[in-house]
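Residue-level listing of the chains:
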Amino acid sequence: MCDATEEVAAGMAMHRIRNANMKAWQCAGYGKTLTLATDIPVPAPGIGEVLVSIHYAALDPLDVNLLAGTYQDRFQIDTFPFVPGFDVAGQVMALGPECLKLSVGDRVALCLGVKESCSKGTTFGPAGALAEYCVCPEEQVSKVPDTLLLSAVAGLPLAGLTAYQALFTGKGASSTGGSLGDVKEGSNVLVLGGDRGTGHLAVQMAKHKGANVVTTAPLEKVHWLERIGASQVLDYKKEDWLVNLKGREFDIILDCVGWAATPDEVDSASQLLCAGGLFVGTSNFSAMEAAGSKGGCQFKALVPRADSEDLDVLIDWLASGRLEVMNDKVWPFSEAGEVIQTNIARCGKAIICQCAASVAVPCQHAAGGGA
């Protein structure tokens, strides 16, 4: 689409929704339950930003921790009430000035980003996925091919970027600015929590690169994880995986469950790493930063960078069948407030559809076409 046509289309789209209101789930403060507001102004995209009609949002344990105030020392929510949620799949409705790659009508997926949207001086957020619309910098937004349902890609951005940048660095960096993983063919990888949203994607990505992958998970997920790439799955409920793996040496351990929270656990982890090995934590930031370098091994914390180049890779892998996203269930938007409080399951993610219909009735977004 030429620049002039894009400008006209964007102007028409914004005219239709200018001064319009939208529904959004809001949190009035740390530890507060969500309430549904029906009169929130539809946001307008700023310079380099796009307005997206949200067909699907995805919820993650990170959202629960953020609402509880667990990370307020790092990701401060300065303005309440705010709209939670970081993962979005939908359609571009309007473009702000200086957008270069997207067009009105594009099917897209995006991560609003924890660091990006929950920081001082940001022009969007914080978060914002549990609404009918959101704005996001174009550089964080990826196109979704027509061969993929938006419901299938909705749970990919945050968890996928976390796994990808932990294993391969990509556009990411540790919480202190250093590089992360460099998994390649023959690497030995241990994923703690292979049944988690990030963990099951990490298992597949590492296997795709030719690594040998060991993971921990409950018994009911063992065969599934073996099918998607794990060479060994340890049932952490029935066996001591530390004892079972004694003597093994891993190039990288990715902790998706927040296990290494104490100095003793850090010591135990270092005994499973090879010389120069890397331990990446996705939640225990302070413990990782305090450990730093120990026994010739590196301990690093990761908050993923919301970047479309890395997300483009993941969407391509998903479209080609090299990656699958485990989604627990699709809930209607009307139930999102309850879902985030009580139903964020351990495997996969909770997907929220904008349709208000019961989950027993197929929603319009899951019926092909614009889905």
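Described in the following lines is the structure provided in the data block. Here the structure is a predicted model, which means the values were calculated and not measured.

1. Focus: the pairing of strand 6 (residues 133–137)
Where burial is concerned, most of strand 6 is hidden: 5 out of the 5 residues are buried. Burial along strand 6 is two-sided: the face carrying Tyr133, Val135 and Pro137 and the face carrying Cys134 and Cys136 are both buried. Bridge count between strand 3 (residues 49–59) and strand 6: 5 bridges; the pairing is antiparallel. When the sheet's bridge partners are listed, glutamate 49 is paired in strand 6 with proline 137.

2. Digging into the packing of helix 5 (residues 157–168) against helix 11 (residues 308–319)
Helix 11 packs onto helix 5 with a crossing angle of 105° between their chain directions and a minimal axis gap of 10 Å. Judged by the angle between their axes, helix 5 and helix 11 are roughly perpendicular. Contacts from Pro157, Gly160, Leu161, Tyr164, Gln165 and Phe168 in helix 5 reach Asp310, Leu311, Val313, Leu314 and Trp317 in helix 11. For the contact of helix 5 with helix 11, the residue count by class is 8 nonpolar, 2 polar and 1 charged.

3. Things to note about the packing of aromatic side chains
Evaluated as defined, the whole model comprises 10 aromatic pairs. Ring geometry for tyrosine 30 and phenylalanine 80: centres 5.1 Å apart, planes at 80°, overall edge-to-face. Here phenylalanine 80 lies in the loop between helix 2 (61–68) and strand 4 (87–95) and tyrosine 30 lies in the loop between strand 1 (21–27) and strand 2 (34–41), a separation of 50 residues in the sequence. On the basis of relative accessibility, which here comes to 28%, the residue phenylalanine 80 falls in the partly exposed class. Taking the centre distance of 4.9 Å and the plane angle of 70° together, the rings of tryptophan 241 and tryptophan 259 count as edge-to-face. In this pair, tryptophan 241 sits in helix 8 (residues 241–244) while tryptophan 259 sits in the loop between strand 11 (250–255) and helix 9 (263–270), placing the two residues 18 residues apart along the sequence. The residues tryptophan 241 and tryptophan 259 share a single accessibility class, namely buried. An aromatic cluster is present here, built from Tyr30, Phe80 and Phe82 joined pairwise through their rings. Over the ring of phenylalanine 168 we find lysine 209, and its NZ or CZ is 5.7 Å from the ring centre.

4. A look at helix 11
In a regular helix each residue adds 1.5 Å, so 12 residues correspond to 16 Å; helix 11 covers 16 Å between its end C-alpha atoms and thus fits that length. Residues of helix 11 that are buried: Ser308, Asp310, Leu311, Leu314, Ile315, Trp317 and Leu318. Tucked into the core, helix 11 has its buried residues touching strand 5 (107–111), strand 7 (141–143), helix 4 (150–153), helix 5 and helix 6 (197–208). Among the residues of helix 11, the N-terminal cap falls to aspartate 307, whose side-chain oxygen and the backbone nitrogen of glutamate 309 are separated by 2.9 Å. Positive backbone phi, at 85°, marks glycine 321, one or two positions downstream of helix 11.

Criteria and thresholds
Residues numbered from 1 in each chain as written. Predicted model: local features only at pLDDT ≥ 70, side-chain atom pairs only at ≥ 80, totals over all residues. Heavy atoms only, no water. Buried < 20%, exposed > 50% of the residue type's maximum accessible area, 1.4 Å probe, protein only. Helix = DSSP H or I, 4+ residues; strand = E, 2+ residues; numbered from the N terminus. Pairing = 2+ DSSP bridges. Axes fitted to C-alpha atoms, helices over the stretch in contact; angles between N-to-C directions. Parallel < 35°, antiparallel > 145°, perpendicular 65-115°, else oblique. Contact = heavy atoms within 4.5 Å. Nonpolar A, V, L, I, M, F, W, Y, C, P; charged D, E, K, R; others polar. Phe/Tyr/Trp six-rings, centres within 6.5 Å; stacked < 30°, edge-to-face > 60°. Lys NZ or Arg CZ within 6 Å of the ring centre and 35° of its normal. Expected span 1.5 Å × (residues − 1). Polar contact = N/O pair within 3.5 Å; in protein donor to acceptor, adjacent residues only side chain to side chain.

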